[in-house]
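Residues per chain, in single letters:
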Amino acid sequence: MQAHAQSAEAAGTVPEVTASAPGDQAQDLQLKPSTLLQETYPPEVRSQQPIYIKGDSLSGQPDIKASVHGEAELRRGDTMIRADKLDYAVPDDKVNAVGSVHINKAGNVFDGSKLDLEVDAFKGSFEDASYRFLVNSAHGESSRVDFLDRDHAVVHHATYTTCQRDDEASWQPAWQLQAETIHVDMAEEVGVAENAKLKFKGVTILPVPRMSFPLSDKRKSGFLPPTMGMDNVGGLEYTQPYYWNIAPNRDLTLFPSVMTRRGVNLGAQFRYLEPSYSGEAYANYMPGDSLRDRDRWGYSWQHRGTIDSPIGGLGLSLNLNRVSDDNYWRDFRWAPIALRQRLLPSDANLSWAKGDGVLTLRTLQYQTLQDPASPIAPPYSMMPQLQYRYTPLDLPHGLDFTLVADTTRFELIRPLAGQIGNNGQRSYVQAQLSRPFLSPGAFITPKLMLHSAMYQTDQFMSNGSKSAQRTLPTFSLDSGLIFERDTSLFGKKLTQTFEPRAFYTYTPYRDQSMLPLYDTARNDFNFASIFSENDYGGQDRIADNHLLTLGATSRFFDPDTGAEKLKLAIAQRVRFSDQRVLLPGEVPATSRFSDILLGAAVNWTDKWSFEGTTQYNKDLRRTVRTTATARYSPSNYRTFNIGYRTQYDTMAQTDASKLVDVGWQWPINDLWGDKGKDLGPGRGQGGGRWYAVGRLNYSIKDKQLVDTVVGFEYDGCCWIGRVVLERLQSSITQSNLRLLFQLEFVGFSRLSFGADPERSLKQNVPRYQYLREAVTPPSRFTNYD
């Protein structure tokens, strides 16, 4: 037995200090982690740790027994015991302590009146004990704690809460769990309460004979808090999820639901993560849905994987989505986003990469969910597609080359009434060769492209044939200059650039009006597409462009950080000949000058930003499309976003759409100057704080709200309340209305009414922050004494 005064170094608390160079200020000293600060001891080392004992007086027999009186203290590894009187039996490794007994075991703290304990095994009992756990700051009181081993204990007649005590004598926790026994498993970080009741503001809200709860954010199997809800589609709803932690890299969540207006819904989600593949799968089944008088189901599976093989890298990706009927997207608003769309792709992609080439075999089939009030023309499915892409990286003389060879079978499945389709096979080869010439202040890139395609269709095309060929060359020349100077703006030193750019392209005319449209549409008119060779995306139309695009961009950079503070841009096309290649219903572009694109982006500080683009038509002398967004985020849990979008129909000479989108999260207490209590890193800025949160999407043209999500959050330090009203448009004439309510007991559990409001806020409010962001696990030295 070793008994002596314990130094700070022996306790493992000495940090390493890196000294600054001579003349540096003291504040330049940097603390670095030390290997002496061990969070855990390996099992084989723990039993070899010496015992340190100190106190006002010490008596006993060496290697037999020690008795310490007055501020008695015993330390071994990460365990410390302090009391008024302490007896330690060396052969049995047992300690008996009485009077203001205090235990610190790896940061978990216990206080009581009488302790009998085997130190290394950490087995024994503690009378009239209060406790505080390190991992979540939860604490409580009990009549007795039975320590079973270093990781397991049974707490009798216990209370449990994460509410932190203040200095007032009348303090009561906002919420508290009272139980006959609580079984604590620190290895799994799980607590199990028996004959328990959960109290909130002194009122019992959930009596349960047995319940398990987490002691940290670690995943564990068991029932999750139930969810109760009500909306105008399903009526009253009750969901009881069950979580199965199959393995550290696999889990399964079951969520059966009962809806008063619709019946029973059975759902499940499975996730897996392996070194070479990962994915997630979702499925639900509702037998005899009263809303539609039929069985309803849906499934979604996303898989991503790679395999190394002697013949090269193999990759398999799956994105499979299917539902039972056309109304699924409208009636199952809690389903994954992939199933809440009206166009559901099922995509299987097998690839092989070797050297500079990639060979891909792909099938893509769409399920189109039709709404009679707003029908969608189904796209063609690829059944299948075989593509080879060759991109050599080390060509001589600075050349860049790309070759794509593709053959695809296109089929139209479940065409819309009146939709005329022509299934067929399309094969094409596209080659492009370019030579970039680059310098610090200029660039010029000539490029040659050759596109050759062949069609074989099931039905006759408009020219009376079932086959067609098309070969087209394209030449383009992209060039630009970069000027740079030092300047200042609003008293801030900046570096300004001026970047004029000219892009010329020429493609001769070939009649393509007889060719089917399998995957082709006109590109959006923006700063990316205005500097491209083809006006169309896809392979069925190649525009006969003979044009020059002129543009200029000016950027303002912080010379120290390189951050872009301001950007201004302008671009316009000059057309030298009329465009003759068109999609059905399009009007030929005969104007020699295109619309003017104007853009600006401001990121002057991290707190606020602005970005906007407008399209100006000189013939109409007005803007025909404008998009602008602004954001103000001065600190955590404070954000305000506003967006404005307008589209003008040049054919009908009227506004096609005009929308304002506003989103926010803001502490209401700020209105009266209350900045709230700082709960520490990652604990939010709460302490009795109200937050307003929401998003409004308003149609100025229709003079009505399209989507509405508004709510309030209350941060009570150890509990959070949320109430959200959600109204989302499901069609032109219908919307879903839900009232969502949630009471979260921080570090313990959540009770929800009307689905999960936090999930709704996360999906709908830009830059929304959860009031309890994840933080680094606390160190056992946090409670070191």
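Regarding the overall build of the protein chain
- When its secondary structure is counted, the protein chain shows three helices and 50 strands.
- Burial status across the protein chain gives 41% buried among its 785 residues.
- Restricting to contacts in the protein chain with at least 6 residues of sequence separation, those with at least 24 account for 49%.
- In the form shown here, the protein chain has an accessible surface area of approximately 40,400 Å², with 57% of it arising from carbon and sulfur atoms.

A few points about unusual backbone geometry
- Going from Met 383 to Pro 384, the amide bond is cis rather than trans, its omega being -5 degrees.
- With respect to the helices, strands and loops of the structure, Pro 384 is situated in strand 29 (residues 381–390).
- A positive phi angle, near 55 degrees, is found at Lys 201, a position not held by glycine.
- Along the chain, the position of Lys 201 falls in the loop between strand 15 (190–200) and strand 16 (203–214).
- With a relative accessible area of 55%, Lys 201 lands in the exposed category.
- Phi is positive for His 397, close to 60 degrees, though the residue is something other than glycine.

Topic: the packing of aromatic side chains
- As enumerated under the stated definition, the model contains 29 aromatic pairs in all.
- Taking the centre distance of 5.2 Å and the plane angle of 90 degrees together, the rings of Phe 110 and Phe 147 count as edge-to-face. Linking Phe 110 in strand 8 (residues 108–118) with Phe 147 in strand 12 (residues 144–147), this pair joins segments that are 37 residues apart in sequence. Each member of the pair, Phe 110 as well as Phe 147, carries the same accessibility label: buried.
- By the ring-pair criterion, three or more aromatic residues cluster together here, those being Tyr 160, Trp 175, Phe 200, Phe 213, Trp 690, Tyr 714, Trp 719, Phe 745 and Phe 748.
- Geometry around Phe 332 places Arg 262 over its ring, the cationic atom sitting 4.7 Å from the centre.
- Across the ring face of Tyr 648, the terminal group of Arg 622 is positioned such that the distance to the ring centre comes to 3.7 Å.

Concerning the environment of Ala 179
- Here Ala 179 shows up in strand 14 (residues 175–185).
- Using a relative accessible area of 7% as the deciding quantity, one classes Ala 179 as buried.
- Taking the C-alpha atoms as reference, Ala 179 lies 8.4 Å from Tyr 160; in sequence the two are 19 residues apart.
- In this structure Ala 179 touches His 157, Ala 158, Ala 193, Glu 194, Asn 195 and Ala 196, once residues within four positions along its chain are discounted.

What about the nonpolar core?
- Membership of the largest hydrophobic core comes to 52 residues, with the highest contact counts inside it found for Leu 115, Phe 147, Tyr 160, Trp 175 and Ile 182.
- Here this core takes five residues from strand 14, the largest share from any one element.
- Not counting the four nearest positions on each side in its chain, Ile 182 is found in contact with Tyr 131, Ala 153, Val 154, Val 155, Ala 158, Tyr 160, Val 192, Ala 193 and Phe 213.
- Ranked by size, the runner-up nonpolar core spans 14 residues in total, among them Leu 364, Tyr 380, Tyr 455 and Met 461.

Let's talk about the pattern of salt bridges
- Evaluation of the coordinates by the stated rule reveals 41 salt bridges.
- The partner of Asp 371 in a salt bridge is Arg 330, with the nearest N and O atoms 3.0 Å apart. Taken together, the residues Asp 371 in the loop between strand 28 (357–368) and strand 29 and Arg 330 in helix 2 (residues 328–331) connect sequence positions 41 residues apart.
- On the basis of relative accessibility, which here comes to 8%, the residue Asp 371 falls in the buried class.
- A residue is classified by how much of its surface remains accessible, and Arg 330, at 6% relative accessible area, is buried.
- Residues joined in a network through salt bridges with shared partners are Arg 262, Asp 289, Arg 292, Arg 296, Asp 325 and Asp 331.

Overview of the pairing of strand 39 (residues 546–557)
- Direction of pairing for strand 36 (residues 492–506) relative to strand 39: antiparallel, over a ladder of 12 bridges. Bridge pairing links Glu 499 to Thr 553 in strand 39.
- By the bridge criterion, 11 bridges tie strand 39 to strand 40 (residues 564–575) in an arrangement that is antiparallel. Within strand 40, the residue paired with Gly 551 across the bridge is Ala 571.
- The antiparallel pairing of strand 39 with strand 40 creates a hairpin that spans six residues between the two strands, and Gly 562 there sits at a positive phi of about 80 degrees.

Details of the environment of Ala 628
- As for its placement among the helices and strands, Ala 628 is situated in strand 43 (residues 622–635).
- The class of Ala 628 is buried, set by a relative accessible area of 19%.
- Distance from Ala 628 to Tyr 644, taken between C-alpha atoms, is 5.2 Å for residues 16 residues apart in sequence.

Things to note about helix 3 (residues 757–764)
- Of all the residues in helix 3, the buried ones are Pro 757, Glu 758, Ser 760, Leu 761 and Asn 764. What you see down the axis of helix 3 is that its buried residues fit within an arc of 160 degrees, all on one side.
- In this fold, the buried residues of helix 3 make contact with strand 46 (689–699), strand 47 (704–715), strand 48 (719–729), strand 49 (735–745) and strand 50 (749–753).

Some words on the environment of Ser 317
- Considering the arrangement of structural elements, one finds Ser 317 in strand 26 (residues 312–323).
- When near neighbours in sequence (up to four residues on either side) are disregarded, Ser 317 contacts His 303, Asp 347, Ala 348 and Asn 349.

So, the confidence of the model for the protein chain
- Put simply, the protein chain has an average pLDDT of 87, and 89% of its residues get 70 or more.
- Ignoring residues within four places in sequence, the model shows residues 1–27, a span with pLDDT below 50, making 49 contacts including any to other chains.
- Predicted confidence for residues 677–686 stays below pLDDT 50, and this span has 28 contacts to residues more than four positions away or in other chains.

Some remarks on the side chain of Arg 296
- Here Arg 296 shows up in strand 25 (residues 294–309).
- A polar contact is formed between the side chain of Arg 296 and the side chain of Asp 289, at a distance of 2.8 Å.
- A polar contact of 2.5 Å, which involves the side chain of Arg 296, links it to the side chain of Asp 325.
- Not counting residues up to four positions away in its chain, the partners in contact with Arg 296 are Arg 262, Asn 284, Tyr 285, Met 286, Asp 289, Ser 324, Asp 325, Asn 327, Tyr 328, Asp 331 and Phe 332.

Quick look at the side chain of Lys 105
- Mapped onto the elements, Lys 105 comes out in strand 7 (residues 94–105).
- Salt bridges are absent for the buried Lys 105, whose nearest opposite-charge side chain, Asp 151, sits at 5.2 Å.
- In contact with Lys 105, other than residues within four places in its own chain, are Asp 78, Thr 79, Phe 122 and Arg 150.

Cut-offs applied
- Residues numbered from 1 in each chain as written.
- Predicted model: local features only at pLDDT ≥ 70, side-chain atom pairs only at ≥ 80, totals over all residues.
- Heavy atoms only, no water.
- Helix = DSSP H or I, 4+ residues; strand = E, 2+ residues; numbered from the N terminus.
- Buried < 20%, exposed > 50% of the residue type's maximum accessible area, 1.4 Å probe, protein only.
- Contact = heavy atoms within 4.5 Å.
- Areas by Shrake-Rupley, 256 points an atom, 1.4 Å probe, with all protein chains shown as cover.
- Phe/Tyr/Trp six-rings, centres within 6.5 Å; stacked < 30°, edge-to-face > 60°.
- Lys NZ or Arg CZ within 6 Å of the ring centre and 35° of its normal.
- Core = buried A, V, L, I, M, F, W, Y, C linked by side-chain atoms within 4.5 Å.
- Salt bridge = Lys/Arg side-chain N within 4 Å of Asp/Glu carboxyl O.
- Pairing = 2+ DSSP bridges.
- Arc of directions from axis to C-beta.
- pLDDT = per-residue confidence, 0-100.
- Polar contact = N/O pair within 3.5 Å; in protein donor to acceptor, adjacent residues only side chain to side chain.
- Lys, Arg positive; Asp, Glu negative; His and termini not counted.

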